[in-house]
Amino acid sequence: MIHSSDPKEITETILSWKSKGLKVGFVPTMGFLHEGHADLFRRSVSENDKTVVSIFVNPAQFNDPEDYAKYPVNTEGDLQICKEAGADLVYLPAKDTVYPGGIPSVELKVPHLMKNLDATTRPGHFEGVLLVLSRFFHTIPADRSYFGKKDYQQFLIVKDFAKALGFPMEVIGVDTVRSEQGLALSSRNARLSPKEKEEALLLSRALRLGENLIKQGEKDPAEVLTVMKDVLDSSSLIKIDYLEVLNAETLEELHILKGEILLAVAVFLGQVRLIDNLTVKVS
Ligand code: PAF
């Protein structure tokens, strides 16, 4: 496995692979890697001849500078995880390499998918994600890129954005990896106290209850939301940021539950913000 902070070296290596007809997969990350990332790497390794990982904590997507400053870093451990999962090339750029002259003043948007959920509770977040990805998609001309569906809205936005801008790259969503008890894996889980970690299990429990209600024939989103909210409200440590039942393709509100449905939740547990979601299909 090669690692480099030089974008020219990264692009040249990828182009030389592609000139030999090799397929290249790309997994962008912000580091502090865990089993959820390793799952994305393995998926890419299984579907491509070469896998490229980027590790870059992107300042443009943090609306809270303190959150950015506190973002955990573990480069040595990350490289080990990349290697074990079979990655071939890791791009570790410096901030000035990605944003020479600072973060540019442009606003990238996919308006129809940026009307709710994290787009409203974290203003500027997705604009920052799209900015860094448009830079990476030029440096890393891969055939496929892989995104965890834990960040479901991000996955939909990036897929639409890549298509709209004509990046010749397939954007693939990968199912969320969970702990045995159901907690969605996230770099942020490391910041939870043991008690908070226990309470965090209520997120997936609420989602599963919502899913079961829908599968049993409930058609009213308000009923499903009430049941899920009761589960989350049973913890005095949890502060709900949002709890939504939406059309899973358009992220529009639903009045009757049918088609592919997204159940999405974001909460604060102490200082830590956690998100989770699941999709359920009904006719
Ligand atoms: O999902 C993430 O970790 C980040 O938003 C991404 C896609 C690596 C862009 O910085």
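Along each chain, residues carry numbers from 1 onward, in the same order as the chain's sequence is written. Given that this is a predicted model, residues contribute local features only at a pLDDT of at least 70 and side-chain atom pairs are listed and counted only at 80 or more, while totals for whole chains, interfaces and linings are drawn from all residues. Neither water nor hydrogens contribute to the side-chain values; these are computed over all heavy atoms in the structure.

In plain terms, the rule: UniProt positions are given in the numbering used here, feature names are shortened, and annotations may be inferred rather than shown by experiment.
In the nomenclature of an unreviewed UniProt entry, the chain is known as Pantothenate synthetase of Leptospira semungkisensis. As recorded by UniProt, the Pathway (unreviewed entry) comment attached to the chain reads in full: "Cofactor biosynthesis; (R)-pantothenate biosynthesis; (R)-pantothenate from (R)-pantoate and beta-alanine: step 1/1." Turning to the chain, the UniProt annotation filed under Subcellular location (unreviewed entry) states: "Cytoplasm".

1. Describing the site of the ligand
Threshold: When we say a residue is near a molecule or strand, we mean one of its heavy atoms is within 4 Å of it. Counted as a polar contact is a pair of N or O atoms within 3.5 Å, where, for protein atoms, one must be capable of donating a hydrogen and the other of accepting one, and residues adjacent in sequence contribute only when both atoms are in side chains. All accessible areas in this document rest on Shrake-Rupley with a 1.4 Å probe, and a residue is counted as covered only by the protein chains that are shown. Strands here mean DSSP runs of E at least two residues long; helices mean DSSP runs of H or I at least four residues long; both are numbered from the N terminus. Think of it as three bins: nonpolar holds Ala, Val, Leu, Ile, Met, Phe, Trp, Tyr, Cys and Pro, charged holds Asp, Glu, Lys and Arg, and polar takes everything else, Gly as well.
Close to the ligand lie P28, T29, M30, N58, Q61, V129, V132, F147 and Q154, which account for all nearby residues. Side-chain polar atom of Q61 to an oxygen atom of the ligand: 2.6 Å apart, as the coordinates give it. Between Q154 and the ligand, the recorded distance is 2.8 Å, taken from a side-chain N or O atom to an oxygen atom. For the ligand, the protein covers 88% of the area, taking 290 Å² as the surface of the free molecule. Broken down by secondary-structure element, the contributors of at least two residues to the shell around the ligand are β2 (24-29) and α7 (125-139). Residue composition of the shell around the ligand, by class: five nonpolar, four polar and no charged.

2. Section: the sheet that holds strand β5 (residues 144-148)
In sheet architecture, strand pairing relies on hydrogen bonds along the backbone and comes in two forms, parallel and antiparallel. Which entries qualify depends on this criterion: A pair of strands is labelled paired if DSSP reports no fewer than 2 bridges between them. An axis is simply a line fitted to the C-alpha atoms; with a helix, the fit covers only the stretch in contact. Between two such axes, the angle follows the N-to-C directions and lies from 0 to 180 degrees.
The strand order β1-β4-β3-β2-β5-β6 describes an open sheet built from six strands, whose pairing is parallel. At either margin of the open sheet sits one strand with a lone partner, and together these are β1 (2-4) and β6 (170-174). Pairwise comparison of adjacent strand axes, ignoring direction, gives a mean angle of 25° for this sheet. Relative to β5, β2 is paired through two bridges, and the arrangement is parallel. Within β5, the residue paired with G25 across the bridge is R144.

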